[in-house]
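Okay, here's what each chain looks like letter by letter:
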Amino acid sequence: MKHFPIFMALTGQSVIVSGGGEAALAKLRLLLKTEAALKVFATDPAPEIVAWAREARLTLTRRAVQTGDAQGARLFYAANEDDAEDARVAELAEREGALVNIVDNLNDSQFITPAMVDRDPVVVAIGTEGAAPVLARAIKKDIEERLSPRLGLMARIGKAFRAKADALPFGVKRREFWADYYAQDIASEDEANGALNALLDQHLSAQTKEGHVDLVGAGPGDPELLTLKARKALDEADVVIYDRLVAPEILELARREAIMLSAGKEGFGPSMTQDAINEMIVTHARGGAHVVRLKSGDPTVFGRLDEELEACDASGVAWNIVPGITSASAAVAALGQSFTKRGRNSGVRFITGHDTKGFADHDWKTLAREGEVAAIYMGKKSARFIQGRLLMHGADALTQVTVIENASRPEQRILATTLGELEPTLTHAKLSGPALVFLGLAPRAALNAAQQHEMEAAI
Ligand code: SAH
């Protein structure tokens, strides 16, 4: 971000526009919405400017900017539509301490004016740092359509009602009240006041809301693979407690005011004890917060969900599970395969390479049979152990094995190999992200060229 958006207090502040043509008019139309003391310098001002001066909406000086004119000015617009004159006045204004914008000259400007959606006091500013003005216009149009034309009126009336709304306890209750108010479509000031009073009565008489915990699956990484329920929970969360594997793009979706707490866990390698995590969840929920416990993939798959549910139950905290897409589902989709296939396998296993005691033991004899399909979570470090056990129990060394790293993320990689070659192939590939090992599955033959190349390079 080269430009940081801020909203500047301009009431009574001096703002200067140098120029009297179209460029100056465009800026003045925006600036006239503010309460700034506007000064225009122009030798040949457009009739609109003259009219505004007559209405005392700005002061007009019929000459070019001179030394001393910009003293004490907050903002200065060079809008002469003449590069040399713009450069001259910009330098002068900058020396005199004003922040300078040269119209249509991003590089020499100290600030830029965003595209705006105006529902005063609600203002949406859109900027692309000059990269895509067309996009800025499209976004503006989209937001214009989405926001009620009466949103400004509602916000002004809402603001005046704030002191009354303080009768509700700070936090969840007050927020719900405002959310209910802004969810209504209101036609007039009277209607807005009526709605506010009715809503306040309703909320004051409602029972004090208790905290609760949503145990939410964040999916394998691609934010588009979140469920609508997960989105909603993130939108409404007071506290989000997330695991290390949850993608940053997903954390970005949480309500801005939510407290974000990392539980720092990855698989079975905790960097914060499970007890400490349980305690964190329960403490926040008992304080009345809506806690979202965000886990990668599906929370019910190798997610240590039960410990957390038991902790909630033990403290009388209400909970709800929001399932997610487990990483194996995303990974098998990336292969263009299905987990089960008529004539090949009538069942599939989700197993872990690791458990609390170290490498996990399984029914190797069954897994070694032809046609078996298994998704092995946390299988990177245990790959050699799994390979050895399966071969020892009679598995064919040519059994197809595929490793998918970072399934559904932009850095996704696929390694197609065989059981006999799983190691050292996996070690050589030096994977750094989360990975699943699929036993008995290969990528569908018609892979695109890029993936083919990736595989060949990796093997
Ligand atoms: N609840 C999660 C699994 C947690 S255990 C789920 O349903 O997916 C952590 C293991 O999940 C990792 O070691 C890795 O094997 C797997 N994993 C999680 N995200 C992954 C991803 N995007 N790509 C590949 N494997 C992933």
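Residues numbered from 1 in each chain as written. Predicted model: local features only at pLDDT ≥ 70, side-chain atom pairs only at ≥ 80, totals over all residues. Heavy atoms only, no water.

**Student:** Honestly, the environment of W364 in this entry has me stumped. Any pointers?
**Tutor:** Position of W364 relative to the elements: it lies in helix α14 (residues 364-367). Given a relative accessible area of 4%, W364 falls into the buried group. With 100 residues separating them along the chain, W364 and G264 place their C-alpha atoms 32 Å apart. Sequence-distant contacts of W364, that is, excluding residues within four places in its chain, are made with F385, I386, R389, L390 and H393. (Helix = DSSP H or I, 4+ residues; strand = E, 2+ residues; numbered from the N terminus. Buried < 20%, exposed > 50% of the residue type's maximum accessible area, 1.4 Å probe, protein only. Contact = heavy atoms within 4.5 Å.)

**Student:** Quick question: what am I supposed to make of the domain arrangement of the protein here?
**Tutor:** When the parts of a complex come together, some accessible area is lost, and that lost area is often used as the size of the interface. Along its sequence, the protein is carved into domain 1 (14-113), domain 2 (151-205), domain 3 (212-325) and domain 4 (329-450). Between the C-alpha centres of domain 1 and domain 3 there is a distance of 52 Å. (Domains from an automatic or database assignment.)

**Student:** What is the right way to read the sheet that holds strand β3 (residues 59-61) from this model?
**Tutor:** Within a sheet, adjacent strands bond to each other through the backbone by hydrogen bonds, running parallel or antiparallel. With parallel pairing, the five strands of this open sheet are ordered in space as β3-β2-β1-β4-β5. The two strands at the open ends of the sheet, each matched to only one other strand, are β3 and β5 (99-102). Taken pair by pair, the neighbouring strands of this sheet meet at an average axis angle of 20 degrees, ignoring direction. The pairing of strand β1 (residues 14-18) with strand β2 (residues 37-41) spans five bridges and is classified as parallel. Residue pairing across strands places S14 opposite A37, the latter belonging to β2. Docked against the sheet, helix α1 (residues 22-31) engages β1, β2, β4 (75-78) and β5, running at close to 160 degrees with respect to β1. (Pairing = 2+ DSSP bridges. Axes fitted to C-alpha atoms, helices over the stretch in contact; angles between N-to-C directions.)

**Student:** Explain the side chain of S18 here, please?
**Tutor:** Mapped onto the secondary structure, S18 falls in strand β1. In contact with S18, not counting residues within four places along its chain, are F41, V65, F76, Y77, A78, A79, N80 and V89.

**Student:** Can you walk me through the site of the ligand in this structure?
**Tutor:** Neighbouring the ligand are 18 residues, the closest being D298, V301, T326, S327 and A435. Within the backbone of V301, one N or O atom sits 2.7 Å away from a nitrogen atom of the ligand. In this structure, an oxygen atom belonging to the ligand sits 2.7 Å away from a side-chain N or O atom of S327. Summarising the interface, the protein chains cover 95% of the accessible area of the ligand, which totals 540 Å² for the free molecule. Residue classes in the shell around the ligand are distributed as 11 nonpolar, five polar and two charged. (Near = heavy atom within 4 Å. Polar contact = N/O pair within 3.5 Å; in protein donor to acceptor, adjacent residues only side chain to side chain. Areas by Shrake-Rupley, 256 points an atom, 1.4 Å probe, with all protein chains shown as cover. Nonpolar A, V, L, I, M, F, W, Y, C, P; charged D, E, K, R; others polar.)

**Student:** Looking at this structure, how should I read the pattern of salt bridges?
**Tutor:** As enumerated under the stated definition, the model contains 22 salt bridges in all. Taking the shortest distance from any N to any O, the salt bridge between D118 and K33 comes out at 3.0 Å. A residue pair is termed long-range when its members are at least 10 positions apart, and D118 in strand β6 (residues 115-119) and K33 in the loop between α1 and β2 qualify at 85 residues. The class of D118 is partly exposed, set by a relative accessible area of 30%. By relative accessible area, K33 is classed as exposed at 52%. For D142, the salt bridge is made with R146, and the minimal N-O distance between the two is 3.0 Å. Of this pair, D142 and R146 are both found in helix α4 (residues 133-146), four residues apart, which corresponds to roughly one turn of the helix. Residues joined by salt bridges that share partners form a network here, namely R175, D238, R255 and E257. (Salt bridge = Lys/Arg side-chain N within 4 Å of Asp/Glu carboxyl O.)

**Student:** Honestly, the packing of helix α15 (residues 383-392) against helix α16 (residues 422-429) in this entry has me stumped. Any pointers?
**Tutor:** Working note: a packed helix pair is described by the angle between its axes plus the distance between those axes. For the pair α15 and α16, interaxial distance at closest approach is 9 Å and the crossing angle is 170 degrees. Considering their axes alone, α15 and α16 lie roughly antiparallel with respect to each other. Across the interface between the two elements, A383, R384 and Q387 of α15 pack against L422, E423, P424 and L426 of α16. Each residue belonging to the contact of α15 with α16 can be placed in one class, and the counts come to four nonpolar, one polar and two charged. (Parallel < 35°, antiparallel > 145°, perpendicular 65-115°, else oblique.)

**Student:** Explain the pairing of strand β8 (residues 212-217) to me, please; I cannot follow it from the model alone.
**Tutor:** Successive side chains on a regular strand alternate, one facing one side of the sheet and the next facing the other. Within β8, five of the six residues are buried, leaving the element largely enclosed by the surrounding structure. Direction of pairing for β8 relative to strand β11 (residues 290-295): parallel, over a ladder of six bridges. What sits directly across from V213, in β11, is V291. Examined bridge by bridge, β8 and strand β12 (residues 318-322) share five bridges and lie parallel to one another. Pairing of L215 across the sheet is with I321, part of β12.

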